[in-house]
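The primary structure of each chain is shown beneath.
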Amino acid sequence: MREQGLAERIGAPAPDVVLLQEANGWGANGHRQLARAMRDLDLDALPLAPSGTGYGTAILYRRETMGTWTAWNTDYADQTLHGFGVAAFDVGLPAPLAFLSAHLDPFTPDRARAEAKLVATRAYRYGPYGIVAGDINYPPAHPDSPAPDYAAMRPYNRASRTRLPSEVGGELVPERRVTEMLAHSGYVDVAAHLHQTTGDPACLRRTGNDDRIDQTWVSEPLTPAIVGYEVLDTPAGASDHHGQAVRLDLDRVETTNLWTYR
């Protein structure tokens, strides 16, 4: 993620919650870059999530609509390549609404599958209302998703984002098992859901050079609240990936037959 052009791409006024990845150097020099993002977007911020690589994640939020966060949990950040944290907010639902900015391991699909299961579970830490969004780094789970643009794919990405030829008869087959783990854990891909319900092909636009590797996943009780999705791609050069804007109507959230975390 590149700081230059960030505020313009996100838009004004900024959304209620902004999830960022590759916040490289945002904790340096007195958290200068984080402070600048807060000022430019007129948002508050959670503490930066710990990251062993330095390419960590960040979460900013609008206090006027979200209130003050009630929990910030980084207990298992060291179990993933780039780290993460779970932020919980009391927004009037029967349980807190949790946000997790995800950046999964781009090198090893098997490790990324384990990370996907971990972040999916940790986003449930405060109850059934969880949102996992960010640089998932792997093809979408839904089998109707368009095939990646293999011609635009670098060799190292092709090695990660496709199945081993010996496993699938020599064909180029998207490595969907990472995102299938998110679906298997009870999450719904916002863009794929809206495509299924509206038929709008714009929902399936690529967010990277070769595939829709940036995704927002919401837990099943939040699915009725999905009312909008768009890809953010201007100004050019603000990031090497496009952003996503998701709109939820919390009055439509499922509030019955809920479980508690244990």
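The preceding data block contains the structure.
Rules used throughout
- Residues numbered from 1 in each chain as written.
- Predicted model: local features only at pLDDT ≥ 70, side-chain atom pairs only at ≥ 80, totals over all residues.
- Heavy atoms only, no water.
- Salt bridge = Lys/Arg side-chain N within 4 Å of Asp/Glu carboxyl O.
- Buried < 20%, exposed > 50% of the residue type's maximum accessible area, 1.4 Å probe, protein only.
- Helix = DSSP H or I, 4+ residues; strand = E, 2+ residues; numbered from the N terminus.
- Arc of directions from axis to C-beta.
- Contact = heavy atoms within 4.5 Å.
- Pairing = 2+ DSSP bridges.
- Axes fitted to C-alpha atoms, helices over the stretch in contact; angles between N-to-C directions.
- Polar contact = N/O pair within 3.5 Å; in protein donor to acceptor, adjacent residues only side chain to side chain.
- Core = buried A, V, L, I, M, F, W, Y, C linked by side-chain atoms within 4.5 Å.

(A) View of the pattern of salt bridges. For the coordinates displayed, the defined rule picks out twelve salt bridges. Ionic pairing is found between Asp 105 and Arg 111, a salt bridge with its closest N-O pair at 3.5 Å. We classify Asp 105 as buried; its relative accessible area is 3%. One connected set of salt bridges, linked through shared partners, spans Asp 105, Arg 111 and Glu 115.

(B) Highlighting helix H6 (residues 177-184). Looking only at H6, the buried set comprises Val 178, Thr 179, Met 181 and Leu 182. Taken end-on, H6 shows its buried residues confined to a sector of 145 degrees, consistent with a single buried face. Buried residues along H6 sit in contact with helix H4 (109-122), strand E8 (187-189) and strand E9 (214-219). One or two residues past the end of H6 sits Gly 186, with phi positive at roughly 95 degrees.

(C) Expanded view of the sheet that holds strand E1 (residues 17-20). One open sheet accounts for three strands, arranged E1-E3-E2; its pairing is antiparallel. The open sheet has two free edges, formed respectively by E1 and strand E2 (44-45), since each of these has just one partner strand. Here E1 runs beside strand E3 (residues 58-61); their pairing, made up of four bridges, is antiparallel. Following the sheet pairing, Val 18 is matched in E3 by Leu 60.

(D) How the structure looks around the sheet that holds E9. The strand order across the open sheet built from six strands is E4-E5-E6-E7-E9-E8, with neighbouring strands paired in mixed fashion. Taken across any chain shown, the strands that pair with only one partner, and hence form the sheet edges, are strand E4 (71-73) and E8. Between one strand and the next, the sheet's axes are offset by a mean angle of 20 degrees, whatever the strand orientation. As defined by bridge partners, strand E7 (residues 130-135) adjoins E9 across five bridges and the pair is classed as antiparallel. If you follow Asp 135 over to E9, its bridge partner there is Asp 214. Strand contacts of H4: E4, strand E5 (86-89), strand E6 (97-103), E7 and E8, with the helix running at about 160 degrees to E6, the strand carrying the most contacts.

(E) Main features of helix H7 (residues 190-198). Among all positions of H7, only Val 190, Ala 191, Ala 192 and Leu 194 are buried. Buried residues along H7 sit in contact with E8, E9, strand E10 (226-232) and strand E11 (243-248). Capping the start of H7, Asp 189 holds a side-chain oxygen 3.2 Å from the backbone nitrogen of Ala 191, two or three residues further along.

(F) A look at the environment of Asp 211. Its location among the elements puts Asp 211 in the loop between H7 and E9. Spatially, the C-alpha atom of Asp 211 lies 6.5 Å from that of Asp 149, the residues being 62 residues apart in sequence. If near-sequence neighbours (up to four positions away) are discounted, Asp 211 is found in contact with Pro 139, Pro 140, Pro 146, Pro 148 and Arg 206.

(G) A look at the nonpolar core. Residues Leu 46, Phe 89, Phe 99, Tyr 129, Val 218, Leu 222 and Tyr 229 are the most contacted members of the largest nonpolar core, which totals 27 residues. Elements with a minimum of two residues in this core: E3, E5, E6, H7 and E10. Once you skip the residues sitting within four places of it in the chain, Phe 99 turns out to touch Val 17, Leu 19, Ile 59, Met 66, Gly 85, Val 86, Ala 87, Phe 89 and Ile 131. Of all hydrophobic cores here, the second largest spans 22 residues; its members include Leu 100, Leu 118, Ile 136 and Val 178.

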